[in-house]
Number of protein chains: 2
Amino acid sequence: MKTPKRKAVVLLSGGLDSTTVLAIAKSEDYVVTALSFRYGQKHVHETAQAEAIAAEFGVSDHVVVEIDLRVFGNSALTADIDVPKKGHVQDLTDDIPITYVPARNTIFLSYALAMAEVRDADTVMLGVNSLDYSGYPDCRPEFVDAFEDMANLATKRAVEGKKVQIVAPLINLTKCEIIEKGLALGVDYSMTTSCYDPDNENKACGSCDACLLRLNGFEQNGLKDPASYQSENF
Amino acid sequence: MKTPKRKAVVLLSGGLDSTTVLAIAKSEDYVVTALSFRYGQKHVHETAQAEAIAAEFGVSDHVVVEIDLRVFGNSALTADIDVPKKGHVQDLTDDIPITYVPARNTIFLSYALAMAEVRDADTVMLGVNSLDYSGYPDCRPEFVDAFEDMANLATKRAVEGKKVQIVAPLINLTKCEIIEKGLALGVDYSMTTSCYDPDNENKACGSCDACLLRLNGFEQNGLKDPASYQSENF
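Remember, it's a predicted structure, so these values are computed and weren't measured experimentally. (Residues numbered from 1 in each chain as written. Chains lettered and ligands numbered in written order. Predicted model: local features only at pLDDT ≥ 70, side-chain atom pairs only at ≥ 80, totals over all residues.)

**Examining the nonpolar core**
Now for step 1: In terms of nonpolar packing, the biggest core is built from 152 residues, with Val10, Ala112 and Val124 of chain A together with Val10, Ala112 and Val124 of chain B touching the most fellow members.
Now for step 2: Among residues more than four places away in sequence, those in contact with Val124 of chain B are Ala8, Val9, Leu109, Ala112, Leu113, Ala116, Val164, Ile166 and Val167 of chain B. (Core = buried A, V, L, I, M, F, W, Y, C linked by C-beta atoms within 7 Å. Buried ≥ 20, exposed ≤ 12 C-beta atoms within 10 Å, placed from the backbone. Contact = placed C-beta atoms within 7 Å.)

Okay, structure coming up:
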């Protein structure tokens, strides 16, 4: 008798990190439910990207949830605040950036937990990364562990003795290592963009924090980023 | 110099429990932000009630968030599943009822956490109750404590050293004791209903779990429930 495949809910934004996580989940033979959010982000193009990426990986169970985090304001990703632009990756600091969205990963993971219960999935995977984005509190290992502890008390499934694990396979990797891993798994990074402030044709700006980290990661791999940028310089 | 008042985010459904919590928060002199959800529940009348109750308590900062938990199905509160009806409060069991909505309180608290960060509130209050609803996993003290631990790692506010506490003042009270407490604080329970399956005029059914517990609580106080019921028997 064949052992049934394990199921995972993968948070998929359509960016570089979450696409790599999806590739990891598929390489580990999970049956995947992909979960994306239209949350009022300015870079809403990412959900269309997420759909194309889910299809590319043969994930037919892709759920896009509509929520509106603009109600909380306070972030350059959702409110009328300019996305900061910088010249070089070395300009990034350890401060929590203005692109931080209040409790965003807690909210995303709460939905993923509900979906894991409904799908009877024992794993939730997400692409948070503490090295190259140390500024975000909800990207740290201690946050992920605490969420897992809470999750294992929160659901009917948990009461029935079925554990859920919150897996963040990129959490201790640099952007360079993430790209290396994804390329080894055959990820086509031209399908992803990471920009917080793309133009109307979805071309990346090349100078927000997300673009700088991504460009630097490709450069460290001796590669050109295959994403579309507004300037030919990238 | 006057000490600034403490701020609290209160989850307010418009039912008996959360209205009592709002009364407690006001009696403790918190500046209150009330937070309600239209989440696809059949008993959506509760958000109109919540608005009237917030106004009654002089809470002008009342935010109603639109989310759609129907995407998860599986609950008699959100899906096309009949709300179970019973004859008497003694018919209730310790099993998790079909009215359980996957990870609902985790999702509600995640939003409350975001709101607490935005309002710089150090307290989130909710009306969960482990005695008369032991069936719901996300109404237990260990869940609330684990959520608080996670919350204190999740936000920018937490990183800045400002703690948030998740307070569930009713968690160890019986429905009878909750009503007693609310009446002592002057709560007008005729403004609240608790029914999972009201009719078009928002009259309570009198035989769902929520109605039975509520009716029993008033009876134990030697009182008639002032809410409107479909039958004169209640």
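From this point, the narrative continues.
**Notes on the sheet that holds strand β2 (residues 31–38) of chain A**
All names here are of chain A.
Now for step 1: Judged by pairing direction, the sheet is parallel, and its 5 strands sit side by side in the order β3-β2-β1-β4-β5 without closing on themselves. The outermost strands of the open sheet, each flanked by one partner alone, are β3 (62–66) and β5 (165–167). Shown here is a sheet whose adjacent strand axes are inclined to one another by a mean of 25 degrees, direction ignored.
Now for step 2: The pairing of strand β1 (residues 7–11) with strand β4 (residues 123–125) spans 3 bridges and is classified as parallel. Within the sheet, the bridge partner assigned to Val10 lies in β4 and is Met125.
Now for step 3: Along the sheet, helix α2 (residues 45–56) makes contact with β2 and β3, crossing β2 at roughly 170 degrees. (Pairing = 2+ DSSP bridges. Helix = DSSP H or I, 4+ residues; strand = E, 2+ residues; numbered from the N terminus. Axes fitted to C-alpha atoms, helices over the stretch in contact; angles between N-to-C directions.)

**Points about the packing of helix α1 (residues 16–27) of chain B against helix α6 (residues 175–184) of chain B**
Residue and element names in this part refer to chain B.
Now for step 1: At their nearest, the axes of α1 and α6 sit 9 Å apart, and the two run at 40 degrees to each other. Overall, the two elements α1 and α6 adopt an arrangement that is oblique. Both α1 and α6 take part in a crossing whose hand is left-handed. Mapping the contact onto sequence places Leu16, Asp17, Thr20 and Ala23 in α1 and Ile178, Lys181 and Gly182 in α6. (Parallel < 35°, antiparallel > 145°, perpendicular 65-115°, else oblique. Left-handed = near helix turned anticlockwise from the far one by under 90°.)

**Brief notes about the packing of helix α3 (residues 104–119) of chain A against helix α3 (residues 104–119) of chain B**
Now for step 1: Between α3 of chain A and α3 of chain B, the shortest axis-to-axis distance is 9 Å and the interhelical angle comes to 175 degrees. It follows that α3 of chain A is roughly antiparallel to α3 of chain B by the angle criterion. Contacts between α3 of chain A and α3 of chain B pair Thr106, Ile107, Ser110, Tyr111, Leu113 and Ala114 of chain A from the former with Thr106, Ile107, Ser110, Tyr111, Leu113 and Ala114 of chain B from the latter.
Now for step 2: For the contact of α3 of chain A with α3 of chain B, the residue count by class is 8 nonpolar, 4 polar and no charged. (Nonpolar A, V, L, I, M, F, W, Y, C, P; charged D, E, K, R; others polar.)

**Quick look at the relation of the copies chain B and chain A**
Now for step 1: The operation relating chain B to chain A is a screw motion whose rotation component is 180 degrees, with 0.0 Å of axial translation and a residual RMSD of 0.0 Å. The relationship between the two copies is best expressed as a two-fold rotation axis.
Now for step 2: The fraction of interface residues of chain B whose copies in chain A are also interface residues reaches 100%, indicating that both copies meet through the same surface. (Least-squares fit on C-alpha atoms with pLDDT ≥ 70 in both.)

**A closer look at helix α4 (residues 141–154) of chain B**
Now for step 1: Compared with the 20 Å implied by 1.5 Å per residue over 14 residues, the 20 Å span of α4 of chain B between its first and last C-alpha is a close match.
Now for step 2: Three or more residues of α4 of chain B are buried, namely Phe143, Val144, Ala146, Phe147, Glu148, Met150, Ala151, Asn152 and Ala154 of chain B.
Now for step 3: Turning to α4 of chain B, the residues buried within the fold contact α3 and α4 (141–154) of chain A together with α3, α5 (156–159) and β5 (165–167) of chain B. (Expected span 1.5 Å × (residues − 1).)

**So, the environment of Glu46 of chain B**
All names here are of chain B.
Now for step 1: Tracing the chain through its elements places Glu46 in helix α2 (residues 45–56).
Now for step 2: In the structure, Glu46 is positioned 15 residues away from Asp61 in sequence and 17 Å away in space, judged by C-alpha atoms.
Now for step 3: Not counting residues up to four positions away in its chain, the partners in contact with Glu46 are Ser13, Gly14 and Gly15.

**Examining the pairing of strand β2 (residues 31–38) of chain B**
Residues and elements named next belong to chain B.
Now for step 1: With 6 of 8 residues buried, β2 lies mostly within the body of the structure.
Now for step 2: Of the pairings in the sheet, the one linking strand β1 (residues 7–11) to β2 comprises 5 bridges and is parallel in character. Paired with Ala8 across the strands is Val32, a residue of β2.

**Side note on the sheet that holds β5 of chain B**
Residue and element names in this part refer to chain B.
Now for step 1: Overall, parallel pairing links the 5 strands, which are arranged β3-β2-β1-β4-β5 in an open sheet. The open sheet has two free edges, formed respectively by β3 (62–66) and β5, since each of these has just one partner strand. The sheet shows a mean angle of 25 degrees between the axes of neighbouring strands, taken without regard to direction.
Now for step 2: The sheet strands contacting α1 are β1, β2 and β4 (123–125), and the helix crosses β1 at an angle near 170 degrees.
Now for step 3: Of the strands in this sheet, β2 and β3 touch α2, which is tilted by about 170 degrees from β2.

**Regarding the confidence of the model for chain A**
Now for step 1: Of all residues in chain A, 98% attain a pLDDT of 70 or more, and the chain-wide mean is 89.
Now for step 2: Scored as a complex, the prediction yields pTM 0.91 and ipTM 0.90. (pLDDT = per-residue confidence, 0-100.)

**Some remarks on the interface of chain B and chain A**
Quite often, the size of an interface is put as the accessible area lost when its parts meet.
Now for step 1: Across the contact, 37 residues belong to chain B and 37 residues belong to chain A.
Now for step 2: Counting residues per element, the ones that place at least two in the side of chain B that touches chain A are β3, α3, α4 and α5 of chain B.
Now for step 3: For the side of chain B that touches chain A, the residue count by class is 24 nonpolar, 5 polar and 8 charged.

**Concerning unusual backbone geometry**
All names here are of chain A.
Now for step 1: Despite not being glycine, Asp120 has its phi angle at roughly 55 degrees, a positive value.
Now for step 2: Residue placement: Asp120 occurs in the loop between α3 and β4.
Now for step 3: At Asn202, a position not held by glycine, the phi torsion is positive, near 65 degrees.
Now for step 4: Here Asn202 lies in the loop between α6 (175–184) and α7 (209–220).

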